[in-house]
Amino acid sequence: MNWKFWNRKTKSKTAPKKKKSKTREWTDAIIFAVIAATIIRSFFVEAYTIPTPSMERSLLVGDFLFVSKLNYGPRVPMTPIAFPFAHHTMPLLGTKAYWDGVELPYYRLPGFSDVKKGDVVVFNYPMDADSPYYRPVDKRENYIKRCQGGPGDTLSVVDAQVYVNGKAMPNPPGEQIDYNYSTVGQQVNPEILNELNVSYYNPNDMGDPTMTAASAATLKGYSNVKNFMPRIEQKGVIDPFNPVYPRKYPKYSLGDKFPLFKWNVDNYGPIIIPKRGWTVTLDSLTFPVYGRAIEIYEHNKVSVSGNDIFINGVKTNTYTFKMNYYWMMGDNRHDSEDSRYWGFVPEDHIVGKALFIWMSWDDNASFFGKIRWSRLFNIIH
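Let me sum up the structure you'll find in this document. (Residues numbered from 1 in each chain as written. Predicted model: local features only at pLDDT ≥ 70, side-chain atom pairs only at ≥ 80, totals over all residues. Heavy atoms only, no water.)

So, on to the overall build of the chain. Scanning the chain from terminus to terminus reveals 6 helices and 19 strands. At 27 Å, the chain has a C-alpha radius of gyration far larger than the 21 Å of a compact globule built from 381 residues. In terms of overall dimensions, the chain has C-alpha extents of about 110 × 65 × 40 Å along its principal axes. When burial is assessed residue by residue, the chain has 42% of its 381 residues classed as buried. Pairs at least 24 apart in sequence give 68% of the contacts found in the chain among residues at least 6 apart. Working note: accessible area of the chain is about 21,300 Å², and carbon and sulfur atoms make up 58% of it. (Helix = DSSP H or I, 4+ residues; strand = E, 2+ residues; numbered from the N terminus. Rg over C-alpha atoms; globule rule 2.2 N^0.38 Å. Buried < 20%, exposed > 50% of the residue type's maximum accessible area, 1.4 Å probe, protein only. Contact = heavy atoms within 4.5 Å. Areas by Shrake-Rupley, 256 points an atom, 1.4 Å probe, with all protein chains shown as cover.)

Structural data, given as structure tokens:
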């Protein structure tokens, strides 16, 4: 027996393992933390902040939210090669934070429920599919709005009131619109306006205050307030300076003229929200409404020759949708860019459901009043 070989082999088995260096330990810990955080953000819950007033006064600028990916089912990342914790743009550098050389098909894991009317939803901004960004679906800007209509619903807006399938939708307490009023004698005390959370989103137009229905009812009751009324766009009148969908993006039309949709932000529709499996007849009135979804969101080649529509090279006058769609609107009805301006939100753009506010920060308040303590851990309704 080769005793020399046997002793060497035994020694190697019993030799102590080499201890990791501090640098290696820190590196392993960081890698584990990045992977764990990425999995949590992608499949469970993610933190968001409210950057604009489109959801006021339900959600305020400076509210920090937790958004659940589980409620509607986690969406498997469609652009998997990306820099951790950066959405679409690298901080400071301003370059893309992802590589779109590899894009996976849309797939969503099972969730607790479908998107319901009235839910506050985070989704990817559909118009980022266009120039100049051409971003992949999951790298498009995050928006937050309230779902007002779902697949197959017929939605309309009548004098700023949303109707779905002929029934008025419940208005959230935080919903607000613009009002007009005048005063006799003394002006309204600014402290009263602050207490009523009256906002002026356009500092150059102090005659257009924005407030909730409850605040409006209180302000209207003051003796020096006269001619108080909501600022509602007249039905059948087009605002050329504030066009709505589909006139705002008049790409899809048959013939020489785009149809005259006499819609505005306060009187809109009716419009049918596409549903998976629904077949729509395409004509001069429906093609402008659904053409974008057919071409951009459902990835078909669409062309028009005179009054004839070609989808993937085949002449047709019908289309059957492959996805469900939603109609999203901000609670701040006169200061929100939403589905009234850019149309439907496809199901593959849905990110998650807003759950609760974990922090709220007011940049305009004094140093000791910047945290809105009363909003902390409020459930989002």
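Another point: the environment of Ile39. Relative to the helices and strands, Ile39 resides in helix α2 (residues 22-43). Overall, the relative accessible area of 41% leaves Ile39 in the partly exposed class. Each C-alpha atom of the pair Ile39 and Asn312 lies 38 Å from the other, and the pair is 273 residues apart in sequence.

All right, on to the pairing of strand β4 (residues 142-149) then. Across the 8 residues that make up β4, a large majority, 6, are buried. One ladder, built from 5 bridges, connects strand β3 (residues 120-124) with β4; its direction is antiparallel. Residue Phe123 lies in a different strand from β4, and its bridge partner there is Tyr143. Inspection of the sheet shows β4 paired to strand β17 (residues 325-329) by 3 bridges, in the antiparallel sense. Among the inter-strand pairings, Gly149 is bridged to a residue of β17, identified as Trp327. (Pairing = 2+ DSSP bridges.)

Moving on, we come to the sheet that holds strand β9 (residues 210-212). Taken together, 3 strands build an open sheet; the order of strands is β9-β8-β10 and the sheet is antiparallel. Every interior strand has two partners, whereas the edge strands, β9 and β10 (225-230), have only one. The mean angle between the axes of side-by-side strands here comes to 45°, regardless of whether they run parallel or antiparallel. As judged from the 3 bridges shared by strand β8 (residues 176-183) and β9, these two strands associate in the antiparallel manner. Note on β9: the bridge partner recorded for Gln176 is Thr212. This element, helix α4 (residues 213-220), spans β8, β9 and β10 of the sheet and lies at about 105° to β9. (Axes fitted to C-alpha atoms, helices over the stretch in contact; angles between N-to-C directions.)

It is worth spelling out the packing of aromatic side chains at this point. Under the definition given, this model contains 27 aromatic pairs. Summarising the aromatic geometry, the rings of Tyr143 and Trp342 are spaced 6.3 Å apart at their centres and angled 70° between planes, so their arrangement reads as edge-to-face. In this pair, Tyr143 sits in strand β4 while Trp342 sits in helix α6 (residues 339-342), placing the two residues 199 residues apart along the sequence. We note Arg135 situated over the ring of Tyr133; from NZ or CZ to the ring centre the distance is 3.9 Å. (Phe/Tyr/Trp six-rings, centres within 6.5 Å; stacked < 30°, edge-to-face > 60°. Lys NZ or Arg CZ within 6 Å of the ring centre and 35° of its normal.)

With that settled, the discussion passes to the pairing of β8. One ladder, built from 4 bridges, connects β8 with β10; its direction is antiparallel. Paired with Thr183 across the two strands is Val225, which belongs to β10.

A cluster of nonpolar side chains, namely Ile31, Ile35, Ile39, Ile40 and Phe44, defines an oily patch on the protein surface of about 440 Å² accessible area. The topology assignment puts Ile35 in helix α2. (Patch = residues over 30% accessible without salt bridge, like charges linked within 9 Å, V, L, I, M, F, W, Y side chains within 5 Å. Salt bridge = Lys/Arg side-chain N within 4 Å of Asp/Glu carboxyl O.)

Spatial strand order, β13-β14-β15: 3 strands in an open sheet with antiparallel pairing. Edge positions in the sheet fall to β13 (302-305) and β15 (314-316), since each of these pairs with one other strand and no more. If you compare each strand with its neighbour and ignore which way they point, the axes differ by 35° on average. On top of the sheet, helix α5 (residues 287-297) reaches β13 and β14 (308-311); it is set at about 140° to β13, its chief contact.

Let's shift gears to the side chain of Asp331. Here Asp331 lies in the loop between β17 and α6. Residue contacts for Asp331: discarding those within four places in its chain leaves Ser54, Met55, Glu56, Ser58, Arg146, Pro172, Gly174, Glu175 and Gln176.

Quick look at the side chain of Glu175 now. Mapped onto the fold, Glu175 is located in the loop between β7 (167-168) and β8. By relative accessible area, which is 13% here, Glu175 ends up buried. Not counting residues up to four positions away in its chain, the partners in contact with Glu175 are Ser58, Met211, Thr212, Ala213, Asp331 and Arg333.

With that settled, the discussion passes to the nonpolar core. Phe344 and Ile350 are the most contacted members of the largest nonpolar core, which has 46 residues in total. Those elements giving two or more residues to this core turn out to be β3, β5 (154-158), β6 (161-164), β11 (268-272), α5, β14, β17 and α6. Ranked by residue count, the leading element in this core is α5, at 6 residues. In this view, Phe344 contacts Pro126, Tyr245, Ile271, Ile272, Ile273, Pro274, Val289, Tyr290, Tyr297, Tyr325, Tyr326 and Trp327; residues no more than four positions away in its chain are not counted. (Core = buried A, V, L, I, M, F, W, Y, C linked by side-chain atoms within 4.5 Å.)

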